[in-house]
Amino acid sequence: MALPSPMSSVTTRDGKHNGVAVSTKDVDTAAQLAAGFSGSLDPDEALRIRKKIDRHILPMMCILYWVQFMDKTTLGNSAVLGIETATNLTVNQYNWLGTIFYLSYLLFEYPQNLALQRLPVGKWMSANIFVWAIALSCHAACKNFTGLLIVRFILGMCEGSITAGFLIVSAMFYTRKEQTLRVGYWFLMNGTGEGVISMTIQSLSEEITAQIISGLLAFGSLHIYTSGFEPWQWFMVITGLITLILAISYWFLFPDSPTTAWFLTPDERVKAVQRIKENQTGVENKHFKREQFIEAIRDPKTWLFAAFSLLDNVPNSLTNQQSLIVASLGFTYLQTTLLAMIPGVVEILTIYSGVKLAARFKNGRAYVGAVYFVPALVGIALVNLLPWSDTAGLLAGQFMTGVCTTGFVLALSWLGNVTAGHTKRVVTNAIMLSAYCIGNAVGPLMWKAQYKPRNHVPWAVIAACYCVCPMILLAIRVLLDRENRRRESEPSSEVEELYIEKITEDGKRIEVKVDKEFMDLTDRQNRDFRYVL
C-alpha cells in the first residue's frame with residue numbers, strides 16, 4: 001500500500017457530507033495515512049503495535065505525572081522542613097501559595113489547550129516542563145512571601161499543559177477501552193514512580209508513589225546539614241534538577257502524534273491510526289473550528305463534567321494540609337514525612353483497582369466512580385467523630401479520604417471517551433480542567449487558623465462535595481444512556497463519500513476514500529457515535 005504524499009489534497013463529490021462542509025482543514029491529520037487502507041487489521045498485529053506504543057510513551061507519561069505531582073506537593077513537604085519559618089509565612093499566606101498555583105493554572109488553561117492543538121504536543125509540553133523546572137529550583141532563592149508567590153504562579157502556568165496534553169495523547173494512541181486504563185495508569189503516578197504500568201499487577205510491590213518518593217526526599221533533606229542552606233532549600237533544588245532532566249528527555253523522546261512517532265515505522269503508523277478507528281474520534285486536527293467550540297459550550301455534559309471536576313477538587317486542598325494535620329497529632333517532623341507516604345499507597349491501590357473494575361464491567365464507569373466515594377465519607381466521619389486522643393483512628397480516617405480519587409480519574413478518561421471532534425475535545429478538556437483549577441484554588445481558603453486543630457468546617461465542606469459528586473456521575477450516565485437510546489431509534493444516516501488525492505509510488509494521481517471516522521466530526525454530528533457509559 002502506497003503512503004500518502006505530503007502534497008495530498010482533499011476533495012469530495014459535492015463538497016459536503018451530512019450537512020457539514022468539507023475542506024482540507026476539516027479532515028483529521030490521520031486521514032492521509034488511513035486513506036486507502038484495505039481490509040481489517042490483524043488482532044495480533046494490533047496488539048503488537050499497542051505494546052510497542054506502551055513501551056515507548058507510557059513510561060514517560062507515568063514518570064512525568066509522578067514528577068509533576070511531586071513538584072506540586074513540594075510546598076506541603078517544605079512546610080515541615082522549615083519554609084514557613086524561614087520565609088516568615090503566616091497561615092493565610094501559606095494558604096495563598098496553594099491558591100495562586102491554581103489561579104495561574106486557571107488563567108492559562110485555555111491558552112495552553114489552544115497551543116496544544118496548534119503546536120507539536122510533545123515539544124510544547126517539554127518547553128513547559130523546562131520552565132517549571134527552573135521555577136521550582138528558584139524556590140530555594142526566595143526569602144519572603146512575594147518571591148514564593150511569583151514562582152508558584154509560574155508553576156501553575158506551566159502545569160496547565162500536562163494533564164490536557166496527556167488526555168490528547170491518550171486519545172491519539174489508544175482505543176476507548178484502553179484509554180480508561182491508561183489514564184488511570186498515568187494518574188496513578190500521583191501514586192507511582194516507576195516503569196511501564198501496564199505490568200503493574202506483576203510489579204506493584206516495587207512501585208512507589210510520588211507521595212512516597214517526595215516523602216523520602218523530604219526525609220533525606222532533613223539530614224543534610226549545611227550552613228546557610230536549609231533542608232527545604234535542598235529539597236527544592238533536588239526536585240528541580242529531576243524535573244530539568246525530564247524536560248530534556250521529553251524534547252527528544254516523546255512523540256507528537258502516531259502519524260509522526262519516531263519509534264513506529266511508516267507501515268506501523270498506518271496501523272496505529274487504523275487501530276483507533278473504532279473510537280470515531282480521529283487523531284488530531286490543527287485548525288480551530290468555531291462550530292465545534294460553540295457545540296462544546298452548549299453541550300450539557302460539558303458542564304456536568306465541569307461541575308464534578310470543581311466539587312471533586314475543593315477537597316484536594318488536603319494535599320498541602322495533610323502534613324500539617326499529621327504533625328498536629330503529635331508526630332515529629334521525621335515521623336510526619338514518613339507518614340506522608342501512606343496516602344500514596346492508598347492511591348495506588350484504589351486507582352488501580354478502580355480502573356480495572358471500570359474496564360472489566362461494560363458501561364460501569366459511573367457506578368464504579370460513585371461507589372469509591374463511600375469509603376471517603378466514612379473516613380470523614382471518623383476524623384470528625386473520634387476523640388482527639390485516638391491518633392490511629394484519626395490517621396486512618398484521614399487516609400481513607402484518598403480513596404475517592406478514583407472518581408476523578410474515571411471522569412477524566414470518560415470525558416475523552418464521549419467527546420469527538422478535535423476542537424471540541426480541546427475546549428471540553430479546557431473547561432473541565434479550568435473547573436479543576438477553581439476547586440483547587442478555592443479549597444485552601446477554607447483552612448483557617450480558628451478552625452484548628454479539628455478543622456470541622458473544612459471537613460464539613462469536603463463531606464458535602466463528596467456527597468454531590470457521585471450524584472453528578474450518575475446524572476451524566478442517565479443523560480448519555482438516553483441519547484444512545486435516541487440514536488438507536490433513528491434511521492441510518494448516509495454520509496457523502498470523502499476522498500483524498502494522492503500520488504502513488506509510480507507517479508500516478510489517484511483518489512482514495514477516507515472513512516468517516518477520520519472526518520473530524522463531533523459526537524453530535526456523527527449519529528453513529530455511541531457514548532460509553
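How each quantity is defined
Residues numbered from 1 in each chain as written. Predicted model: local features only at pLDDT ≥ 70, side-chain atom pairs only at ≥ 80, totals over all residues. Heavy atoms only, no water. Helix = DSSP H or I, 4+ residues; strand = E, 2+ residues; numbered from the N terminus. Buried < 20%, exposed > 50% of the residue type's maximum accessible area, 1.4 Å probe, protein only. Contact = heavy atoms within 4.5 Å. Salt bridge = Lys/Arg side-chain N within 4 Å of Asp/Glu carboxyl O. Core = buried A, V, L, I, M, F, W, Y, C linked by side-chain atoms within 4.5 Å. Phe/Tyr/Trp six-rings, centres within 6.5 Å; stacked < 30°, edge-to-face > 60°. Axes fitted to C-alpha atoms, helices over the stretch in contact; angles between N-to-C directions. Parallel < 35°, antiparallel > 145°, perpendicular 65-115°, else oblique. Left-handed = near helix turned anticlockwise from the far one by under 90°. Nonpolar A, V, L, I, M, F, W, Y, C, P; charged D, E, K, R; others polar. Expected span 1.5 Å × (residues − 1). Bend = angle between axes of the 7 residues up to and from the residue. Polar contact = N/O pair within 3.5 Å; in protein donor to acceptor, adjacent residues only side chain to side chain. Patch = residues over 30% accessible without salt bridge, like charges linked within 9 Å, V, L, I, M, F, W, Y side chains within 5 Å. Areas by Shrake-Rupley, 256 points an atom, 1.4 Å probe, with all protein chains shown as cover. pLDDT = per-residue confidence, 0-100. Disulfide = S-S within 2.5 Å.

A. Spotlight on the overall build of the protein. For the protein, the count of helices and strands is 23 helices and five strands. For the protein, buried positions account for 59% of its 533 residues. Of the contacts made within the protein by residues no fewer than 6 positions apart, 81% connect residues no fewer than 24 positions apart.

B. Examining the environment of Thr391 more closely. Secondary-structure assignment places Thr391 in helix α20 (residues 391-400). A relative accessible area of 24% places Thr391 in the partly exposed class. For the pair formed by Thr391 and Val326, sequence separation is 65 residues and the distance between their alpha carbons is 9.3 Å. Apart from the residues within four sequence positions on either side, Thr391 is in contact with Leu329 and Phe331.

C. Spotlight on the pattern of salt bridges. If you walk through the whole model with that rule in mind, you get 22 salt bridges. Among the salt bridges present, the one from Glu45 reaches Arg48, with a minimum N-O distance of 2.8 Å. Of this pair, Glu45 and Arg48 are both found in helix α2 (residues 43-72), three residues apart, which corresponds to roughly one turn of the helix. For Arg48, a relative accessible area of 36% translates into the label partly exposed. In this structure, a network of salt bridges that share partners links the residues Glu45, Arg48, Lys52, Asp267, Glu268 and Lys271.

D. Focus on the nonpolar core. Core analysis: the largest hydrophobic core is formed by 119 residues, its most contacted members being Ile57, Phe166, Phe173, Trp186, Tyr250 and Trp414. The residues contacting Tyr250, other than those within four sequence positions of it, are Met60, Met61, Leu64, Met125, Ser126, Ile129 and Phe166. Residues Ala296, Val427, Ile431 and Ala435 belong to the second largest nonpolar core, which totals five residues.

E. Looking closely at the packing of aromatic side chains. What the rule picks out here adds up to 19 aromatic pairs. Look at Phe108 and Phe153: their rings are 6.0 Å apart centre to centre, the planes differ by 75 degrees, and that puts the pair in the edge-to-face class. Separated by 45 residues along the polypeptide, Phe108 in helix α5 (residues 91-118) and Phe153 in helix α7 (residues 145-173) bring together distant segments of the chain. Note on Phe153: relative accessible area 29%, which makes it partly exposed.

F. Fine view of the packing of helix α19 (residues 373-385) against α20. The geometry of α19 relative to α20 is characterised by a closest axis approach of 7 Å and an angle of 150 degrees between their N-to-C directions. On the basis of the axis angle, α19 is roughly antiparallel to α20. Relative to α20, α19 is oriented so that their crossing is left-handed. Contacts from Pro375, Ala376, Val378, Gly379, Ile380, Leu382 and Val383 in α19 reach Gly393, Leu394, Gly397, Gln398 and Met400 in α20. Per-class residue counts for the contact of α19 with α20 are eight nonpolar, four polar and no charged.

G. Examining α5 more closely. Compared with an ideal rise of 1.5 Å per residue, which puts 28 residues at 40 Å, α5 spans 41 Å between its outermost C-alpha atoms and is within 8% of the ideal. At Phe108, α5 is deflected by roughly 45 degrees, the largest bend along its length, and proline Pro111 occurs up to four residues later in sequence.

H. How the structure looks around α2. End to end, α2 covers 41 Å across 30 residues, agreeing with the expected 44 Å (1.5 Å per residue, within 8%). Bending of α2 peaks at approximately 35 degrees at the position of Ile57, with proline Pro59 no more than four residues after it. For α2, the tally of buried residues reaches 22 of 30 residues, placing the bulk of the element in the interior. The backbone nitrogen of Asp44 lies 3.2 Å from a side-chain oxygen of the residue at the head of α2, namely Asp42.

I. Geometry of the packing of α5 against α7. Their axes nearest at 6 Å, the elements α5 and α7 cross at an angle of 40 degrees. Considering the angle they form, α5 stands oblique to α7. Like other packed secondary-structure pairs, α5 and α7 cross with a definite hand, here right-handed. Its residues assigned to classes, the contact of α5 with α7 comprises 17 nonpolar, nine polar and three charged.

J. Focus on the environment of Glu278. Here Glu278 lies in the loop between α12 (266-275) and α13 (290-298). Overall, Glu278 belongs to the exposed group, its relative accessible area being 54%. As for Glu278 and Arg176, which are separated by 102 residues in sequence, their C-alpha atoms are 8.2 Å apart.

K. Spotlight on a nonpolar patch on the surface. A cluster of nonpolar side chains, Ile248, Trp251, Phe252, Leu253 and Trp262, forms an exposed patch at the surface whose accessible area comes to about 570 Å². Note on placement: Phe252 falls in helix α11 (residues 231-253). By relative accessible area, Phe252 is classed as exposed at 62%.

L. Layout of the confidence of the model for the protein. Here the protein shows a mean pLDDT of 80. Residues at 70 or above account for 78%. When pLDDT is averaged over each element of the protein, helix α14 (residues 300-313) comes out on top at 96 and helix α9 (residues 200-203) at the bottom at 30. Every residue in residues 1-24 is under pLDDT 50, and counting partners more than four places away or in other chains gives 56 contacts. Taken as a whole, residues 192-210 scores under 50 in pLDDT and shows 50 contacts with residues more than four places along the chain or in a different chain.

M. Region of interest: unusual backbone geometry. Omega for the bond connecting Lys452 with Pro453 falls within 30 degrees of zero, at 5 degrees, which places this linkage in the cis form. Mapped onto the elements of the fold, Pro453 is located in the loop between α22 (422-442) and α23 (456-488). In this structure, Asn363 takes a positive phi of about 55 degrees despite not being glycine. Tracing the backbone shows Asn363 in the loop between α17 (342-360) and α18 (365-371). According to the relative accessible area criterion, Asn363 is partly exposed, its value standing at 24%. A positive phi is found at Asn455, a non-glycine position, where the angle reads about 55 degrees. By the element assignment, Asn455 lies in the loop between α22 and α23.

N. Layout of the state of the cysteines. Throughout the structure, instances matching the rule amount to zero disulfides. Cys142 takes part in no disulfide bond, and the closest cysteine sulfur, belonging to Cys138, lies 7.2 Å away.

O. Summary view of the side chain of Lys301. Mapped onto the secondary structure, Lys301 falls in helix α14. Of the residues examined, Lys301 reaches a relative accessible area of 2% and is grouped as buried. Residue contacts for Lys301: discarding those within four places in its chain leaves Val418, Thr419, Lys424, Leu479, Leu480, Asp523 and Tyr531.

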